[in-house]
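Descriptive structure summary
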Amino acid sequence: MNDIKVTQKPIADLIPYSRNPRRNDEAVPMVMNSIKEFGFKVPIVVDKNNIIVCGHTRFKAALKLGLETVPCIVADDLSDEQIKAFRLADNKVSEKAEWDFEILSEELDDIINIDMDSFGFESIDFEEPEEDDSEKVNERERTGNAYNLDEYDELRAIGFYQMPTLERIDYVPDDLVGFNYVLNSDRYESGVHFYIDDYQFERIWASPQMYVDKLAQFDCILTPDFSLYMDMPMAMKIWNVYRSRLIGQIYQDRGLRVIPTVSWAEPETFTFCFDGIPSNSTISVSTIGVKRSKEATKIWTQGMDEAMKRLKPKNILVYGGDIGYDFKGANVKYYDNHVTEKMKKLKNI
């Protein structure tokens, strides 16, 4: 076997696997207590792209504890298929383990100076469990948590697809920083944008409450820019607009300054993609990639025209370059794509 090398990685560099089938939110407080009591003794396993293979619960616990770095093992010797298999196998084996309650009781009796209740042992029933309907209740709760159903308020939704509504805002930040840099950034005078690849912020949908305190340190946030690719099924486009609005509503309810991101695809998306956004407000749009083709420019222009007509925005934050569009008197502020700017500087060195 090869020697296993453990390295410290910035927690901001780690990316949760967006299709992780294991739900673990209930275990996070216990893992936090374990880390506080014993230290971070079990590394997180990541692949060569820093996507988490094993250790999502430890990752969430570390985030809530405010850790800047965590120990990691990089499984760069495994193929993509092996990574998927390892991720599932690692989670599956724990299901086969059972307690010997007699020995467990004796072991717990020997531990006097450490509060084992904080690791979940207060809930252990040393009798053989009887079957009941609680599993159905728990599964319904887990499903609700996965879709943030407890955050949805039908009285604050609009349109056929019941898009969550956002409050009007009249605000323009001086600068923007990407969500992927938030955990290690001290640019608190900037707003936070999500004009990055979706996999870098899927975590905010999985656990929006986890990021409230960190995002509240920044000047404002734009709502997540979940992608509306032309070749996506319409149902996915509707779902991504819904998720963006609900995240915005959740954070407004927590007292954050939230600016809606507006995105669209073909004209058929106009039936829902502007729902929930107030008129005469501040909005944000992106011009990244708009000039890559005539078709892309046409689609962007059609959507922007429709947004101007329906929303009549007061302020427009444009992430990316000026493409010569007439915003018809609205106050417009452009923000550089910092990644592109860095690449340009590197080419000139």
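Let me sum up the structure you'll find in this document. It should be emphasised that the depicted structure is a prediction, and the values quoted were computed from it without experimental measurement.

**Observations regarding the environment of Val290**
Looking at where Val290 falls in the secondary structure, it is placed in the loop between strand S11 (282-286) and helix H9 (294-311). Separated by ten residues in sequence, Val290 and Trp300 have C-alpha atoms that sit 6.7 Å apart. In this view, Val290 contacts Ala296, Thr297, Trp300 and Ile323; residues no more than four positions away in its chain are not counted.

**Considering the pairing of strand S4 (residues 69-74)**
Sheet topology note: the strand S1 (residues 6-10)/S4 ladder contains five bridges and is antiparallel. For Val6, the partnering residue across the bridge sits in S4 and is Ile73. Sheet analysis places strand S2 (residues 44-46) next to S4, joined by three bridges and oriented parallel. When the sheet's bridge partners are listed, Val46 is paired in S4 with Val74.

**Section: the sheet that holds S2**
By way of backbone hydrogen bonds, the strands of a sheet pair with one another, either parallel or antiparallel. A sheet is described by the order of its strands in space; here four strands give the open sequence S1-S4-S2-S3, paired in mixed fashion. Because the sheet does not close on itself, it has two edges, and the strands there are S1 and strand S3 (52-54). On average, each strand axis in the sheet is inclined to that of its neighbour by 50 degrees, with strand direction left out of account. On top of the sheet, helix H2 (residues 56-65) reaches S2, S3 and S4; it is set at about 120 degrees to S3, its chief contact. Of the strands in this sheet, S2 and S3 are in contact with helix H3 (residues 80-93), which crosses S3 at around 45 degrees.

The rules behind the values
- Residues numbered from 1 in each chain as written.
- Predicted model: local features only at pLDDT ≥ 70, side-chain atom pairs only at ≥ 80, totals over all residues.
- Heavy atoms only, no water.
- Helix = DSSP H or I, 4+ residues; strand = E, 2+ residues; numbered from the N terminus.
- Contact = heavy atoms within 4.5 Å.
- Pairing = 2+ DSSP bridges.
- Axes fitted to C-alpha atoms, helices over the stretch in contact; angles between N-to-C directions.

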